[in-house]
Structures are given as structure tokens and as C-alpha cells.
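Residue-level listing of the chains:
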Amino acid sequence: MKSIKKILGLIWIILGPAAMVFMSWQAWDKISKAEAGVAQTNTALQWGIILLIFIPIAIGLVIFGKYALAGEYEKLPGSSEEI
Amino acid sequence: MNHETKPNSIFKVIGASSLGTLIEWYDFYIFGSLATIIGAQLFPADAGASALINTLAIFAAGFIVRPFGALVFGRLGDLIGRKYTFLLTLVLMGGSTFLIGLIPSYSSIGYFAPILVLILRLVQGLALGGEYGGAATYVAEHAPKGKRGFFTSWIQTTATLGLFLSLGIIVLSKNIIGAEAFADWGWRIPFLLSILLVGVSIYIRLKMHESPMFTKLKTEGNISKNPLKESFSKKGNFKMVLLALFGATMGQGVIWYTGQFYAQSFIENTCKIDFNDSRYILLWGIAFATPFFVVFGAWSDKVGRKWIMLTGMLLGIIFYRPIYQMFLDKSDVSKTEVSAIASTAEPVITRVPLHDKGDSLITTSTKISLLSGASYSKVLVDTVYADASKTIGHSKEIYKDKILETSTFWIFVGLVFFQILLVTMVYGPIAAFLVELFPTKIRYTSMSLPYHVGNGVFGGLVPFVATLIASFAGSTPLSGLWYPIGIAALSFIIGAVYLSNKKDETIND
């Protein structure tokens, strides 16, 4: 189980930036396809908000993967007292 | 030191906390349920400007302000106490909801109307972000050992009951005063009614005492000086915040939104079931499934939280596509045989001019009733050009306003019930699970953020991402489900591999 946790950690590290690239590409695609004017501003606003909140989450996934790779989750605290 | 609370007072604690949280969810949902009417009354007729304000109201309130509220009020709750913080969130939520009901129409005050809506909606999002963590922490810190899952599960029923209450009051108000009066002024009733509910809840909450664990911490001078810093910059705690988010709340959020919002939207907009019927299906599903929040919460005290939550996710991953395929199959009337038709009403024809060139859209709607008791409207839209040399443009036949036959109606209720049952599995034990992960002095802050990112962001994105996926080439009506299935699968793997099933029995650290 310990090695599975570590190997998966690598996947989470890769998944974070991959998700960021995918979302950014989708944002660019949808904004450029939207009709010029208010519709385009609206699409840009939607995607701007999504990227603003999603990028920190994707960074969080990378940090999670880094912790997993470093073996931080091999033994979880038995109670919140141990944190 | 014994922190266990007497049985009669624990029920007061649960009642006071749950009522307030239920009202907060009610307040948050009525805006969403009445968005179209609010748009017509308070927003400019210009579709573009209206869409911009709507985007800000929906996206910003749900995705940015809610997690921000979790941080602001979580910090406050760990600094000054749970009781006063979740009283404040209740006042903010109730006040802003009441004020939305008082905003004059766009025709009276112009752009002030949508700006006020936007500000009050953001306050709602902020308050919601602070409420849940406080209520869950407050109840958990009163709960006796071995019953934390059972007691906090009452808090978990409130989000679903808030949705139930909002749908119920809207349908009831509309039926009593009529659809026209409701669209004109009656939509304000659910908003104004909120002040009464909030008033009662504030009165009850004011009479409650502070959480015994927080009081002990305060007496001993052990309150955190900087809860945000301790929660997110201390590796030992931050790694648990990340684990809670990716291994539990992220999956819980998508299961929650799919079962209760995507299901209703799919039934109404994709299957084209009648407006009232689609709401009745959801109301029945909620009514039958809600007790299971408490069942699974209590069961998690015996067998642990992890596998109940993960089983809920796994069942969603396996059954979502067959369930939604069944929704489509059972509501498909395109192959109805002539022998099954009881009557066909006279077609209703409406003509709408397109622009000054003289072209027009002609809509022909025919109501068809079947021998089984079901009915639907067949709609044809033709474009007639002023230039006679152009041929008439025929649209594809659309079947809408479908009323299901009784047996199919109950099959739909059963399918929605099953989805909400999965919601009860993932959501029933999660408050106890989150509370047990973090120490008392930073519990409010630490549990609020992963909850609102998981529920508000990952869950709240279900309709947006489902629509995005549906825009890809080759997509089908079921393609949108890949988002909740994918996120639930990711969360299931992370939870199964990294989470522990062990319960923290004491939590009074």
C-alpha cells in the first residue's frame, strides 16, 4: 500500500498541471468562439472566475501529490490531537 | 473534564443549529429557484447586460464568495467562538434575503435594482460559507462519545430540507395566488417570509451556550492566535485539509449536486417533463430519502465514516449512466403508436415577427393525450419568409410539457430517490468525519474550506461543466455525466487509498 500511495502521488502531481492546461485551453477556445460584444465579455467573465478558483485547487492537487510522494500519508494521525 | 451534554439539552443544541442552517439553505435556494422571475422583474430587458449580472450573481456567489466566507467566518469562529459567529451568519443571510424581497423593480429604480441584487446575493454566499462549519462544529462539540455521526447527521438533513422547503413554499405560493400574480409580486413572498423564520431561529440560538470544548480552550488560554496560518501553513494540518478535499468533499459535492439539481434539470430540460411534475418528482424523492441522512450518520458511528461515503460515490459512478438513460427512454414519446392516442386537441398557432424584413416564426403546438393517462405537446416551428421565392424552413418536431403516466411517474421518483439515497450516504457522515480530522482550536477554519470548495466549487460546477461537455463534437445527452462520474471516481480512489476508517473518539484536544 505504501508504494501505491507514492506512485499515485506522481499521478496527482501530473494531473494538476494537466487540468490547468486543459481548462485554460477550453477557456481560450470558448472565449474566442463567443460572439464579439457582451456575449464574449460574459464568457470571459465566467471562465475568468472559474480559472481564478480552479488554478489554486489544481496547485493544491500538486501539493497533495508531493506530500503523497514524500510518504506524508503513510501513517495518518490517530486523532486530531496528533496533528 | 467531562464535556458530555445531557440528552435533553443535546436535542436543543441540534434543534437550534439545524433550524438556522435549514433557513440559510432555504434562503440560498429560493434565489436560484426564482432566478428567471427575478431576472424579469429586477434586471434590464437588455439580454446582454442581464446575462452579465446573472453570471456575477451565480458564479461569484457560489464559487468565490462561499469559500471566502468559509475562511472569514471560520477564522472568526476559532477566535471568538462558534455561537456568535453562526449567529452573525444567520443575521447576514436572513437580512439579505429579506432585503432582496423589498428591492423595487428595474422599471422603478433602474440599474440600482440589479446592483442591489448582486450585492445582497454576494452577502448570501458569504454567510452560507460561514454557517455550515459553525453548526457542524457546534453540534459535534456537544455530542456524546460514539454518537457524533448520529447527532451531526441532523445538520446534514438541512441542506436537502432547505431545498424541499424552498420548492414547497414556491409551489404553494404560486398555487394560492396564481401564476400571474406570483410573477408580478408574489415571488417576493418566499423572500419576505424568511425574516420570520430567521427571527425565530435567532431567538433560539441566542439562548444557547457556547460549545463546551471552545469554552474550555478559552478558559485555558489555548485559543489559536492565527487560525488561518495554523490551518494552512502548518504541514501536519494542511495535508489533512487537502486529503479532506480530494478524498471526500470533492466526490461528495458532485454526488450531491447531481442527485438533487442535475436530476431535476435533466428531467425538466432534457426529458421535457412538465414544470410542476418535474418538481413533484424531486419533492417525493427528497421526502422518501431524507431520513437516510440520519440512518447513515448513526451507522457511521458503528462502522466508521470512510466506507459509507465511498460506497455512495462508487454506486454513483456505476449507476448514473443507466439511470439517466432510463429517464430518456421512459420519457421518449416520439415512437408513440396511433392506437395509444386517446385524443388530439386543436393545434394552437402563434406567429412571431422576426425582424423588419417581414419574416416570421410560426409555432404550431398540439396537445396529445394518451390512453395511459400521459400527455404531451407536439411543437413545430416554421420560419416563413416574406420573400416568396424562399422555401419555408421547417424545424424538427419537439415534444414537451410531458405529463407522465402514473407508473412511469413513480419510476422517476424511484430513480431520483436512489440518487438522493447516494447523497445521504456521502453527506450523512461527512460532518462528523470533518470535525474529527481537525483540532478544536482551528476546527471551524480547517473544516469549512474543504467543505465549501468540495460542495460549492466541484458540486456547483456540475451544470456548467455538463453543458461544456455537451458542446463537444459527438456528445450525447448523457455526456455531461462524465464530469460527476470522473470527479467521484477520482475522489473514490484518493479516499480508498489514503483515508483512514478510524474515528477520533475524543476530539476535545
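Here, residues in each chain are numbered from 1, in the same order as that chain's written sequence. Each chain gets a letter, beginning with A, and each ligand a number, beginning with 1, in the order they are written. Two thresholds apply to this predicted model, a pLDDT of at least 70 for residue-level local features and 80 or more for giving and counting side-chain atom pairs, whereas whole-chain, interface and lining totals are computed over all residues.

Thoughts on the overall build of chain A
What counts here: Secondary structure is summarised from DSSP: a helix means a run of H or I of at least four residues, a strand means a run of E of at least two, and numbering begins at the N terminus for each. Based on C-alpha atoms, the radius of gyration is set beside the globule rule, defined as 2.2 Å times the residue count to the power 0.38. Think of it as a crowd count around each C-beta: if 20 or more other C-beta atoms lie within 10 Å the residue is buried, if 12 or fewer it is exposed, and in between it is partly exposed, with C-beta placed from the backbone throughout. By the criterion used throughout, residues are in contact when their C-beta atoms, derived from the backbone, lie within 7 Å.
Across its full length, chain A carries two helices and zero strands. Radius of gyration (C-alpha) of chain A: 18 Å, far over the 12 Å computed for a compact globule of 83 residues. Expressed as lengths along the three principal axes of its C-alpha atoms, the size of chain A is roughly 55 × 25 × 15 Å. When burial is assessed residue by residue, chain A has 23% of its 83 residues classed as buried. Once local pairs closer than 6 in sequence are excluded, the contacts in chain A between residues at least 24 apart make up 76%.

Things to note about the nonpolar core
All names here are of chain B. Operational definition: For this entry, the nonpolar core is defined as buried Ala, Val, Leu, Ile, Met, Phe, Trp, Tyr and Cys residues connected by C-beta atoms within 7 Å. Segmentation of the chain into domains, including their bounds, is taken from an automatic or database domain assignment.
A136, V139, M309, V426 and L434 are the most contacted members of the largest nonpolar core, which has 151 residues in total. The greatest single-element share of this core, amounting to 18 residues, is contributed by helix α12 (residues 235-270). Both domains that meet at this core, namely domain 1 (1-223) and domain 2 (231-331 + 404-509), each give it at least three residues.

Overview of the packing of helix α6 (residues 112-140) of chain B against helix α18 (residues 443-459) of chain B
All names here are of chain B. Quick note on the threshold: Angles shown run from 0 to 180 degrees and are taken between the N-to-C directions of axes, each axis being a line fitted to C-alpha atoms and, for helices, limited to the stretch in contact. To sort the angles, those under 35 degrees are grouped as roughly parallel, those over 145 as roughly antiparallel, those from 65 to 115 as roughly perpendicular, and the leftovers as oblique. Less than a right angle of anticlockwise turn of the near helix away from the far helix marks a crossing as left-handed, whereas a clockwise turn marks it as right-handed. All amino acids are sorted into three groups, where Ala, Val, Leu, Ile, Met, Phe, Trp, Tyr, Cys and Pro are nonpolar, Asp, Glu, Lys and Arg are charged, and the leftover types, Gly among them, are polar.
Close contact between α6 and α18 brings their axes to 9 Å; oriented N to C, the two are set at 125°. Classified by the angle their axes make, α6 and α18 are oblique. The handedness of the crossing between α6 and α18 comes out as right-handed. Between α6, through G129, Y132, G133, G134 and T137, and α18, the contact on the second element is made entirely by R443, Y444, M447, S448, Y451 and H452. Residue composition of the contact of α6 with α18, by class: four nonpolar, six polar and one charged.

Quick notes on the domain arrangement of chain B
Under the domain assignment used here, chain B contains domain 1 (1-223), domain 2 (231-331 + 404-509) and domain 3 (338-403). For domain 1 of chain B and domain 3 of chain B, the distance between their C-alpha centroids amounts to 43 Å.

Quick word on helix α7 (residues 148-177) of chain B
All names here are of chain B. Here is the rule we go by: Take the number of residues in a helix, subtract one, and multiply by 1.5 Å to get its expected span. Here the bend at a residue is taken as the angle between two axes, fitted respectively to the seven residues that end there and the seven that start there.
Its 30 residues place the ends of α7 44 Å apart at the C-alpha level, agreeing with the 44 Å of an ideal helix rising 1.5 Å per residue. At T160, α7 shows its largest bend, some 35°. Burial runs high along α7: 21 of the 30 residues are buried. Two residues or fewer after α7 comes G178, characterised by a positive phi angle close to 90°.

Observations concerning the pairing of strand β3 (residues 360-370) of chain B
All names here are of chain B. We count it as follows: Pairing between strands is defined by DSSP: at least two bridges between them are needed.
Of the strand pairs in this sheet, strand β1 (residues 341-344) and β3 are connected by three bridges, and their pairing is antiparallel. Bridge pairing in β3 links T344 to I368. As judged from the six bridges shared by strand β2 (residues 348-353) and β3, these two strands associate in the antiparallel manner. In the sheet register, R351 faces β3, and the bridge partner there is I362. With 10 bridges joining them, β3 and strand β4 (residues 375-384) adopt antiparallel strand pairing. Counterpart to S369 in the pairing with β4 is S375. Between β3 and β4, which pair antiparallel in sequence order, lie four residues; one of them, G373, sits at a positive phi of approximately 105°.

Considerations on the UniProt feature "transmembrane region" (unreviewed entry) in chain A
Residue and element names in this part refer to chain A. Let me state the cut-off plainly: UniProt positions are given in the numbering used here, feature names are shortened, and annotations may be inferred rather than shown by experiment.
According to UniProt, the "transmembrane region" (unreviewed entry) feature falls on residues 7-25 and 45-69. Summarising residues 7-25: 100% helix, 0% strand, and an end-to-end C-alpha distance of 28 Å. The distance separating the terminal C-alpha atoms of residues 45-69 is 36 Å; by composition the span is 100% helix and 0% strand.

Things to note about the environment of G69(B)
All names here are of chain B. By secondary structure assignment, the location of G69 is in helix α3 (residues 47-80). Overall, the presence of 28 C-beta atoms within 10 Å leaves G69 in the buried class. Sequence separation between G69 and V123 is 54 residues; the distance between their C-alpha atoms is 9.0 Å. Not counting residues up to four positions away in its chain, the partners in contact with G69 are G125, L126, A127, L128, G129 and G130.

Things to note about the packing of helix α1 (residues 2-33) of chain A against helix α2 (residues 38-69) of chain A
All names here are of chain A. Two numbers describe how α1 lies on α2: the axes approach to 8 Å, and their chain directions differ by 170°. As judged from the angle between their axes, α1 and α2 are roughly antiparallel. In the contact of α1 with α2, the residues fall into 22 nonpolar, six polar and four charged.

Some remarks on helix α10 (residues 212-219) of chain B
Residue and element names in this part refer to chain B. Short version of the rule: This arc is taken over the directions from the axis of the helix to the C-beta atoms.
Those residues of α10 not exposed but buried are M213, F214 and L217. Projection of α10 onto a plane perpendicular to its axis shows the buried side chains occupying an angular sector of 100°, all on one side. The secondary structure elements touched by the buried residues of α10 are α4 (82-100). Positive backbone phi, at 70°, marks G221, one or two positions downstream of α10.

Let's talk about the environment of S33(B)
Residues and elements named next belong to chain B. Looking at the secondary structure, you find S33 in helix α1 (residues 7-33). Residue S33 is classed as partly exposed on the basis of its C-beta count, with 18 C-beta atoms lying within 10 Å. Those residues within four positions of S33 in sequence are excluded, and the remaining contacts are S166, L167 and I170.

Regarding unusual backbone geometry
Positive phi, normally seen in glycine, also occurs at K272(B), with a value near 60°. When you line up the elements, K272(B) lands in the loop between α12 and α13 (275-289).

Describing the confidence of the model for chain B
So the rule is basically this: Values of pLDDT, the confidence the predictor places in each residue, fall between 0 and 100.
Counting all residues, the mean pLDDT for chain B is 88, and 94% of those residues have values of 70 or more. The ipTM for the predicted assembly is 0.91, set against a pTM of 0.88.

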